[in-house]
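Observations on the model geometry
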Amino acid sequence: MSFINYSSREINCKIVYYGPGLCGKTTNLQFIYKRMNPEARGKMISLATETERTLFFDFLPLSLGEIRGFKTRFHLYTVPGQVFYDASRRLILRGVDGVVFCADSQLTRVDANEESMENLRVNLREQGYDPDKIPMVIQYNKRDLPGVASLAELHALLNRRNVPEFESSAATGIGVFETLKAVIKLVLIDLKKGAR
Amino acid sequence: MNQGHFIVREREYEEFLGILRKLMVDAFAKVVFLVDKNGTLLASSGDAAGFDTTSLASLAAGNIAATGGLANLIGEKEFSILFHEGERDNMHISVVGERLILVVIFDRRSSVGLVRLRVRKATERLSLVLAEAIAASNDPTGGIEEMTEADIESLFK
Ligand SMILES: Nc1nc2c(ncn2[C@@H]2O[C@H](COP(=O)(O)OP(=O)(O)O)[C@@H](O)[C@H]2O)c(=O)[nH]1
Ligand SMILES: [Mg+2]
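In this report, the structure presented in the accompanying data block is examined.

Quick notes on the rules
Residues numbered from 1 in each chain as written. Chains lettered and ligands numbered in written order. Predicted model: local features only at pLDDT ≥ 70, side-chain atom pairs only at ≥ 80, totals over all residues. Heavy atoms only, no water. Helix = DSSP H or I, 4+ residues; strand = E, 2+ residues; numbered from the N terminus. Buried < 20%, exposed > 50% of the residue type's maximum accessible area, 1.4 Å probe, protein only. Contact = heavy atoms within 4.5 Å. Axes fitted to C-alpha atoms, helices over the stretch in contact; angles between N-to-C directions. Parallel < 35°, antiparallel > 145°, perpendicular 65-115°, else oblique. Left-handed = near helix turned anticlockwise from the far one by under 90°. Nonpolar A, V, L, I, M, F, W, Y, C, P; charged D, E, K, R; others polar. Buried area = accessible area lost by both parts, 1.4 Å probe. Salt bridge = Lys/Arg side-chain N within 4 Å of Asp/Glu carboxyl O. Polar contact = N/O pair within 3.5 Å; in protein donor to acceptor, adjacent residues only side chain to side chain. Pairing = 2+ DSSP bridges.

Remarks on the side chain of A:Asn28
Residue and element names in this part refer to chain A.
- Looking at where asparagine 28 falls in the secondary structure, it is placed in helix 1 (residues 25–35).
- Asparagine 28 sits in the buried class, given a relative accessible area of 0%.
- Setting aside residues no more than four positions away along its own chain, asparagine 28 makes contact with Tyr17, Cys102, Gln139, Ala170 and Val176.

Here it is, written out as structure tokens:
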């Protein structure tokens, strides 16, 4: 649920990066943080364990300029990927406006991706969303590694909805901004529809 | 799909602000914030410039969400008041209606009892304004519906 403040003329939207543990969600946010103009981004917060696994969430606020006199702000969140943090994932999905599903392209992670996608759909439904309608893009990450599944295979496994999809290598930043831009566009188009 | 927007117009914003200002004074607080449950700052009163308000809003919402999860585990609906005591400053966090969170930061010049008392009063008034804002959110006007693809594209130039 986006929050529109007519008094300060601001639109606020929430975008959640979802996906199995270690697929590269935090890395996406870190790269965005590094590359964004400091005026356009706030502080990045990571609630992580001592070994840098996300414990509750990462948070990165962005402000991207104005549309029709409204400042646009996007709050990016990641969820902890490990199976046993499901309760936290559900909380973070509350009020979400758009989802980036980050998949780990490695062959060894095929099952983890599928499980995580199914878990996303269940949790979205639980929050009152239709998982077939919420603005979503898919990112196939770690394309730089050997032993990755083909795009066709990943598409068949994860993208039955046929949403926009991107190859990436978040560690070096390839595909990170393409993914972000695509989800922001979908969120704003959805916002416009909702405003009618 | 869209769960709809939460829209705050000038009118409700000014009303929120008025209530926050009064709470600030009556509770001898240093600063008070009104935050959306999704983690966005809505309004503040007092010396907010000294704080990273965006981070504060997100973490306060995370705090309420996490303790709400704990509450469910023991069969409670939510913990509607959280109190964090620091060496110098204290933080009182409470839920307002279904959507908002009120954060009060205060030091030795006030006390938790007084803050709790004043927060209760302010919450009643904030809830009324919130209800107006929610009613207005179902009937939005004001330019967003006119946004074009070109407008969206312009963000990325
Ligand atoms: N080779 C490679 N490693 C990556 C890539 N993206 C992330 N990683 C690494 O994968 C590990 C887990 O990443 P992280 O972002 O913490 O995963 P998260 O659990 O999804 O937040 C880290 O060591 C990253 O450096 C990538 O595109 N290629
Ligand atoms: Mg992480």
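Past the structure itself, the notes keep going.
Focus: the side chain of A:Gln82
All names here are of chain A.
- Topologically, glutamine 82 is positioned in the loop between strand 5 (70–78) and helix 2 (86–93).
- Relative accessible area serves as the criterion here: at 13%, glutamine 82 is assigned to the buried category.
- In contact with glutamine 82, other than residues within four places in its own chain, are Gly21, Arg53, Thr54 and Arg89.

Describing the packing of helix 2 of chain A against helix 3 (residues 110–126) of chain A
Residues and elements named next belong to chain A.
- At a minimum axis distance of 10 Å, the contact between helix 2 and helix 3 shows a crossing angle of 55°. On the basis of the axis angle, helix 2 is oblique to helix 3. As for the relative orientation of helix 2 and helix 3, their crossing is right-handed in sense. The segment helix 2 lies against helix 3, with Asp86, Arg89, Arg90 and Leu93 engaging Asn119, Leu120, Asn123, Leu124 and Glu126.
- Grouping the amino acids of the contact of helix 2 with helix 3 by side-chain chemistry returns three nonpolar, two polar and four charged.

Observations regarding unusual backbone geometry
All names here are of chain A.
- For arginine 68, which is not a glycine, the phi torsion comes out positive at approximately 50°.
- Within the secondary structure layout, arginine 68 lies in the loop between strand 4 (54–67) and strand 5.
- Overall, the relative accessible area of 40% leaves arginine 68 in the partly exposed class.
- One non-glycine residue, asparagine 162, adopts positive backbone phi at about 60°.
- Inspection of the secondary structure assignment puts asparagine 162 in the loop between helix 4 (151–158) and strand 8 (165–167).

Looking at the interface of chain A and chain B
- Of the residues lining the interface, 48 residues belong to chain A; the matching set on chain B comes to 40 residues.
- Of the roughly 4,200 Å² buried where chain A meets chain B, counting both sides, 61% is carbon and sulfur surface.
- When the buried area of chain A at its contact with chain B is split by residue, A:Met1, A:Phe3 and A:Tyr6 rank highest and sum to 18% of it.
- At the boundary of chain A and chain B, one finds four salt bridges.
- The partner of A:Arg68 in a salt bridge is B:Asp151, with the nearest N and O atoms 2.8 Å apart.
- Connecting chain A to chain B are 10 residue pairs in polar contact (both at pLDDT 80 or more).
- Elements supplying a minimum of two residues to the side of chain A that touches chain B: strand 1 (3–5), strand 2 (10–18), strand 3 (45–48), strand 4, strand 5 and helix 5 (176–195) of chain A.
- No other element matches the 10 residues that helix 5 of chain A contributes to the side of chain A that touches chain B.
- Looking at the side of chain A that touches chain B, its residues break down into 24 nonpolar, 11 polar and 13 charged.

Quick notes on the sheet that holds strand 2 (residues 31–36) of chain B
Residue and element names in this part refer to chain B.
- On the basis of which strands lie adjacent, the open sheet formed by five strands has the order 3-2-6-5-4 and antiparallel pairing. If you trace the sheet from one side to the other, it starts and ends with strand 3 (41–46) and strand 4 (81–85), each paired once. On average, each strand axis in the sheet is tilted by 15° relative to the strand beside it, whichever way the strands run.
- Here strand 2 runs beside strand 3; their pairing, made up of five bridges, is antiparallel.

Side note on the packing of helix 3 of chain A against helix 4 of chain A
All names here are of chain A.
- It is at 10 Å that the axes of helix 3 and helix 4 come closest, and there the two elements cross at 30°. When the interaxial angle is binned, helix 3 and helix 4 end up roughly parallel. Handedness of the helix 3/helix 4 crossing: right-handed. Between helix 3, through Val110, Asn113, Glu114 and Met117, and helix 4, the contact on the second element is made entirely by Leu154, Leu157 and Leu158.
- Looking at side-chain class alone, the contact of helix 3 with helix 4 contains five nonpolar, one polar and one charged residues.

Purely spatial values, then, with no claim about function.
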